[in-house]
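Understanding the architecture of this molecule
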Amino acid sequence: MAFLAAAQRVELILDRQELGLPTTEDPADEKLHDLWLAKKAVELTCAHETAQAAHDYTRALHTRMRNTAASEQSPAKREYRYAFMEVARNALESGRPTIRR
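A short tour of the structure in this document, coming up. (Residues numbered from 1 in each chain as written. Predicted model: local features only at pLDDT ≥ 70, side-chain atom pairs only at ≥ 80, totals over all residues. Heavy atoms only, no water.)

Scanning the chain for helices and strands turns up four helices and zero strands. Counting every position in the chain, which comprises 101 residues, the buried fraction comes to 26%. The long-range share in the chain, meaning contacts at least 24 apart out of those at least 6 apart in sequence, stands at 47%. On the chain, roughly 7,200 Å² of surface is accessible, and the fraction owed to carbon and sulfur atoms is 56%. (Helix = DSSP H or I, 4+ residues; strand = E, 2+ residues; numbered from the N terminus. Buried < 20%, exposed > 50% of the residue type's maximum accessible area, 1.4 Å probe, protein only. Contact = heavy atoms within 4.5 Å. Areas by Shrake-Rupley, 256 points an atom, 1.4 Å probe, with all protein chains shown as cover.)

In structure tokens form, the structure reads like this:
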């Protein structure tokens with residue numbers, strides 16, 4: 001995880017440079033760093049379907065935080081959250097019914 005944390009920090013700096021933003025630390029960047037790093041732990045430990053759902057949810061949150069796409073062009077973040085939670089619950093074989101929305 002230390003390697004992934006270091007790599008993620010460099011990725012954030014490079015992303016800021018590509019966007020033409022200063023590379024100084026930004027609280028929003030720290031939150032995005034934590035999110036992407038946590039998603040990588042899911043990728044390492046969970047099945048493909050769960051990892052993909054975590055990635056999709058993370059990308060949706062990242063996009064909303066960066067305001068890089070209009071919200072009506074992509075499914076709502078809660079749809080991605082719901083999809084991730086259901087895939088994760090199934091992976092854990094909870095045997096519980098789907099959560100009503």
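Here we come to the side chain of Asp-29. As for its placement among the helices and strands, Asp-29 is situated in helix 2 (residues 27-45). A relative accessible area of 5% means that Asp-29 is categorised as buried. A polar atom in the side chain of Asp-29 sits 2.9 Å from the side chain of Arg-16. If we ignore the near neighbours within four places in the chain, the residues touching Asp-29 are Leu-12, Arg-16, Thr-24 and Arg-66. (Polar contact = N/O pair within 3.5 Å; in protein donor to acceptor, adjacent residues only side chain to side chain.)

This part covers a positive patch on the surface. There is a patch of like positive charges on the surface, built from Arg-64, Lys-77, Arg-78 and Arg-81. The dominant element in the positive patch, judged by the number of residues it contributes, is helix 4 (residues 77-91), at three residues. Along the chain, Arg-81 falls in helix 4. Judged by relative accessible area, Arg-81 falls into the partly exposed class, the value being 38%. (Patch = residues over 30% accessible without salt bridge, like charges linked within 9 Å, V, L, I, M, F, W, Y side chains within 5 Å. Salt bridge = Lys/Arg side-chain N within 4 Å of Asp/Glu carboxyl O. Lys, Arg positive; Asp, Glu negative; His and termini not counted. Charge placed at Lys NZ, Arg CZ, Asp CG, Glu CD.)

Relative to the helices and strands, Lys-40 resides in helix 2. Through-space distance from the C-alpha of Lys-40 to that of Ala-51 is 8.3 Å; in sequence the pair is eleven residues apart.

Take helix 3 (residues 48-66) next. Each α-helix winds once per 3.6 residues, and so residues spaced three or four apart point in a common direction. Under the 1.5 Å per step criterion, the end-to-end length of helix 3 is 26 Å for 19 residues, consistent within 8% with the ideal 27 Å. For helix 3, the secondary structure elements touched by its buried residues are helix 2 and helix 4. Asn-67 sits one or two residues past helix 3 and shows a positive phi near 55°. (Expected span 1.5 Å × (residues − 1).)

Okay, the packing of helix 3 against helix 4 next. Each pair of packed helices can be summarised by the angle the axes make with each other and by the distance between the axes. Between helix 3 and helix 4, the shortest axis-to-axis distance is 9 Å and the interhelical angle comes to 160°. Taken together, the axes of helix 3 and helix 4 are roughly antiparallel relative to one another. Helix 3 and helix 4 meet at a crossing whose hand is left-handed. Where helix 3 approaches helix 4, its residues Glu-49, Thr-50, Ala-53, Ala-54, Asp-56, Tyr-57, Ala-60, Leu-61 and Arg-64 are matched on the opposing element by Lys-77, Tyr-80, Arg-81, Ala-83, Phe-84, Val-87, Ala-88 and Ala-91. Of the residues that constitute the contact of helix 3 with helix 4, the class distribution is eleven nonpolar, one polar and five charged. (Axes fitted to C-alpha atoms, helices over the stretch in contact; angles between N-to-C directions. Parallel < 35°, antiparallel > 145°, perpendicular 65-115°, else oblique. Left-handed = near helix turned anticlockwise from the far one by under 90°. Nonpolar A, V, L, I, M, F, W, Y, C, P; charged D, E, K, R; others polar.)

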